[in-house]
Amino acid sequence: MDETMTETVQTAPFAPFEWMLSARYLRARRKEGFISVIAGFSFLGIMLGVATLIIVMAVMNGFRKELLDKILGLNGHILVQPLESPLTDWKDVAERISQVQGIRLAAPVVDGQALASSPWNASGVLVRGIRSDDLNNLTSIAKNIKQGSLEGFDDGQGVAIGRRLADQLSLHAGDSVTLVAPKGAVTPMGTTPRIKPYKIVAVFEIGMSEYDLGFVFMPLAEAQAYFNRSNDVTSIEVFTNNPDKIDAFRKSVTEAAGRPVFLVDWRQRNSTFFNALQVERNVMFLILTMIVLVAALNIVSGLIMLVKDKGSDIAILRTMGASQGSIMRIFLITGASIGVVGTLVGFLVGLVICLNIESIRQFLSWLTSTELFSPELYFLSKLPAEIDVGETTAVVIMALTLSFLATLYPSWRAARLDPVEALRYE
């Protein structure tokens, strides 16, 4: 073929005719219907992959945040335990620790196991002795009182129990609950269990079933007497203003204690639980990324078929002066358009579902007549979703990058197509 016929014309990158041809190739005619179906499945795959990734990551983040707020709302960020001698000087130690900058509360506590019983049922519980002022400063308890109030907590004979425990024992505020401790009075016949009734002054519900079922709060002085403590406490629960920076407080708390102590922070106390959440989250991310990868491979196969089908068109464009760069950009735009639009639509779908996740869960539960998010199994009373801007941005960038990389090889093949060979076999 004459060399003048294939002389290329230099045009600006992404010229209007390149966009026009890409748009025409996306609108396949009847005989190219199969290529259009592949493009459609590629679009759906990327859209669903991005939306699912955003939803799952948001739910996992929400799950972790809700559990963290519930756990750290009831348990201290740092647990101060005694070394060498019991914490008989707990008042002075707690006062010194509370003066440390960034410490919100230092609450001495007495913990012990007991059996809570009523005429109708019984359940094992953790009894926590705590001062009235400290309990009122625990917002997860004080702001979630469903029955009664904490006003009668000071008289020494009242306790606060969780809502699920109250339901299990068929009790309400104002009723009496009997606590049975294995270690009671020491007699010549041995140690006898201590059995004592207490009036329920308040019923709380923090939304975490494990705590609403297993905790009983008792005045500190009464707990010391009930569990035979010699004016000492089990530990001091320390609450900080920023639990994520807990390492910055360890040295200050140790120095402020002024005595040998052993510190355990919230990460160590719940390491197995939160490590399992993190592993599950990472595995889910990898699995769901495969959906986007499969959709990107569909783009590759669809473009390869499109290049083969449009061989004569490419040859004619080359003989008319189109450069290899122009041909490559045409198919780059065609493939990237599927990925970009699919990613953006998936992002919007994921965002809408995350913002309405609880309403969707309730509708599906009603539709299927089943409980899709059991509080007893998942510890929470509702399905949480917390959108992380950084993670969502990473998902979008990852999908766009995979979509772009998927178009490179077919576009390069199209640009390298020999127009003479393409027209010879047409």
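Look up a bit, the structure's there.
Conventions and cut-offs
- Residues numbered from 1 in each chain as written.
- Predicted model: local features only at pLDDT ≥ 70, side-chain atom pairs only at ≥ 80, totals over all residues.
- Heavy atoms only, no water.
- Axes fitted to C-alpha atoms, helices over the stretch in contact; angles between N-to-C directions.
- Helix = DSSP H or I, 4+ residues; strand = E, 2+ residues; numbered from the N terminus.
- Parallel < 35°, antiparallel > 145°, perpendicular 65-115°, else oblique.
- Left-handed = near helix turned anticlockwise from the far one by under 90°.
- Contact = heavy atoms within 4.5 Å.
- Nonpolar A, V, L, I, M, F, W, Y, C, P; charged D, E, K, R; others polar.
- Buried < 20%, exposed > 50% of the residue type's maximum accessible area, 1.4 Å probe, protein only.
- Polar contact = N/O pair within 3.5 Å; in protein donor to acceptor, adjacent residues only side chain to side chain.
- Pairing = 2+ DSSP bridges.
- Salt bridge = Lys/Arg side-chain N within 4 Å of Asp/Glu carboxyl O.

Trainee: Explain the packing of helix α3 (residues 90-98) against helix α9 (residues 247-257) to me, and be specific about the residues and the numbers.
Mentor: Following both chains from N to C, one finds α3 and α9 inclined at 140°, their axes separated by 8 Å at the closest point. Taken together, the axes of α3 and α9 lie oblique to each other. The two elements α3 and α9 cross, and the hand of that crossing is right-handed. Along the contact surface, α3 presents Val 93, Arg 96 and Ile 97, while α9 presents Val 253, Ala 256 and Ala 257. For the contact of α3 with α9, the per-class residue count stands at five nonpolar, no polar and one charged.

Trainee: Explain the side chain of Asp 134 residue by residue, including any values.
Mentor: Looking at the element boundaries, Asp 134 is found in helix α4 (residues 132-137). Owing to a relative accessible area of 5%, Asp 134 belongs among the buried residues under this scheme. Polar contacts involving the side chain of Asp 134 include one to the side chain of Arg 131, which spans 2.8 Å. In contact with Asp 134, not counting residues within four places along its chain, are Leu 105, Ala 106, Ala 107 and Pro 108.

Trainee: Can you explain the pairing of strand β11 (residues 235-240)? Please cite residues and give values.
Mentor: Counting buried residues in β11 gives six out of six residues, a clear majority hidden from the surface. Burial of β11 is two-sided: the residues Ser 235, Glu 237 and Phe 239 facing one way and the residues Ile 236, Val 238 and Thr 240 facing the other way are all buried. Judged from the three bridges that link them, strand β1 (residues 78-82) and β11 form a sheet pairing that is antiparallel. Along β11, the bridge assignment pairs Leu 79 with Glu 237. Inspection of the sheet shows strand β2 (residues 103-117) paired to β11 by six bridges, in the antiparallel sense.

Trainee: Tell me about the pairing of β1, and name the residues and values.
Mentor: Where β1 lies against strand β12 (residues 261-265), five bridges are found, and the strand directions are antiparallel. Within β12, the position partnered with Ile 78 by the bridge is Asp 265.

Trainee: Residues and numbers for the pattern of salt bridges, please.
Mentor: Considering all chains together, one arrives at 12 salt bridges under this definition. In this structure, Arg 163 and Glu 205 form a salt bridge, with 3.6 Å as the shortest nitrogen-oxygen distance. Highlighted residues: Arg 163 in helix α6 (residues 163-169) and Glu 205 in the loop between β9 (194-204) and α7 (209-214), separated in sequence by 42 residues.

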